[in-house]
Amino acid sequence: MFDRLLAGVVAVPFLLGSAVGSSDGGQVELTFRDPEIVESSGLVVRDGLVLTVNDSGDTGRVFAVDPATGETVGVTHWSEESFDVEALAPGPDDTVWVGDIGDNDEARDSISVTRVPVGRGERTVDEDSYELVYPHGAANAETLLAHPGTGRLYVATKDPFGGELFEAPEVLSADEPNRLRPLGHVLSIATDGAFFPDGKHLVLRDYSRAVVYTFPGLVEIASFPLPGQQQGEGIAVEADGTVHICTEGQYTDVLQVPLPEDVRRAVAGSGPSPAASPGGTHSREGEELPDVLDTERPAWPWLLTGLAGLAAIGVLIRSLRRR
């Protein structure tokens, strides 16, 4: 009984998320026509192309899709073997960062990112992969972000009891693991995320909503429902601030999502400004950060855990009474 109760408690965040979803508000921009795109899990839109990767189970490859037709016009093969590719982030020039960062069992010693060239045509590349390690052991993640001003990478973990945003070193080493540093707590079930062009805001999504944060302060300034999808796991922000989302499944749609007016006002305007931060505080980029955060987790996970514990105690007491 306790196992069923605990499973129910853990499922609460997922149920709460699906309850606020909306089937309205998205404009279909394209439908993937390639039967090989079956689990679109990461999304980058740039230079007139839509770029995506399949979730775990595929070889390492990035699809370049023409938004006018939905047809695949380029494929970059970067690895014959990958563990659990979950995300894409914009790279410099004609490249993207591929995030092999999934770890459902939280058993990996490290995760990895690889920067690969993308565009029209088919190519096979052999690029360096960079190992990333968390400071406190393995964690599951599906979100990789690249800052538009500095190019620095960030990983948001996916945890029903509270996700965290981690910062990669400014310069990655291909010869040894790169230690991630915690920045703060974010959306629990994050399936993807991206920076806005100003570099002062980022957006994370789960299966039914999107949350906008300031950066680097990670203050939540808005939350809005996303159009209903089969299993929404991708979000991208173009250079002009346009937001796109995608979902797993074969022959699925990429949608353009209008931002609420208050969010649009908050993130509109200035270009990339990596050193700026809201409220006059300075950027934490480049500074040593503590391994243990002083900020507190949201209260609801602890409340749910406490309720589960009380229920378990009640079950035990009733069992002893019967004996």
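Since the model is a prediction, treat every value here as computed from it, not as a measurement.

## Section: the sheet that holds strand S18 (residues 209-214)
Part 1 of the argument: Pairing is antiparallel in the open sheet, where four strands are placed in the order S16-S17-S18-S19. Only two strands of the sheet have a single partner each, and these edge strands are strand S16 (192-195) and strand S19 (220-225). Taking each pair of neighbouring strands and ignoring which way they run, the sheet shows an average axis angle of 15 degrees.
Part 2 of the argument: One ladder, built from five bridges, connects S18 with S19; its direction is antiparallel. Each bridged residue has a counterpart across the sheet, and for Tyr213 the counterpart in S19 is Glu220.

## Describing the pattern of salt bridges
Part 1 of the argument: Within the structure shown, the criterion is met by nine salt bridges.
Part 2 of the argument: One salt bridge in this structure joins Glu36 and Arg61, with 2.9 Å as the shortest N-O distance. Remark: Arg61 occurs in strand S4 (residues 60-65) and Glu36 occurs in the loop between strand S1 (27-31) and strand S2 (40-46); sequence separation between them is 25 residues.
Part 3 of the argument: Classification of Glu36 as partly exposed rests on a relative accessible area of 41%.
Part 4 of the argument: Overall, the relative accessible area of 14% leaves Arg61 in the buried class.
Part 5 of the argument: A salt bridge links Asp58 to Arg61, with the nearest nitrogen and oxygen atoms 2.9 Å apart. Comparing Asp58 with Arg61 shows no difference in burial state: the two are buried.

## Focus: the confidence of the model for the protein
Part 1 of the argument: When pLDDT is averaged along the protein, the result is 82, and 75% of the positions lie at 70 or above.
Part 2 of the argument: Low confidence marks residues 1-23, where pLDDT is under 50. Its contacts with residues over four positions away, or in another chain, come to 30 contacts.
Part 3 of the argument: In this model, residues 270-323 is a region of pLDDT below 50 whose contacts with residues beyond four sequence positions or in other chains number 77 contacts.

## Here we look at the environment of Gly199
Part 1 of the argument: Mapped onto the secondary structure, Gly199 falls in the loop between S16 and strand S17 (201-205).
Part 2 of the argument: The residues touching Gly199, leaving out its near neighbours within four places in the chain, are His147, Pro148 and Phe215.

How each quantity is defined
- Residues numbered from 1 in each chain as written.
- Predicted model: local features only at pLDDT ≥ 70, side-chain atom pairs only at ≥ 80, totals over all residues.
- Heavy atoms only, no water.
- Pairing = 2+ DSSP bridges.
- Helix = DSSP H or I, 4+ residues; strand = E, 2+ residues; numbered from the N terminus.
- Axes fitted to C-alpha atoms, helices over the stretch in contact; angles between N-to-C directions.
- Salt bridge = Lys/Arg side-chain N within 4 Å of Asp/Glu carboxyl O.
- Buried < 20%, exposed > 50% of the residue type's maximum accessible area, 1.4 Å probe, protein only.
- pLDDT = per-residue confidence, 0-100.
- Contact = heavy atoms within 4.5 Å.

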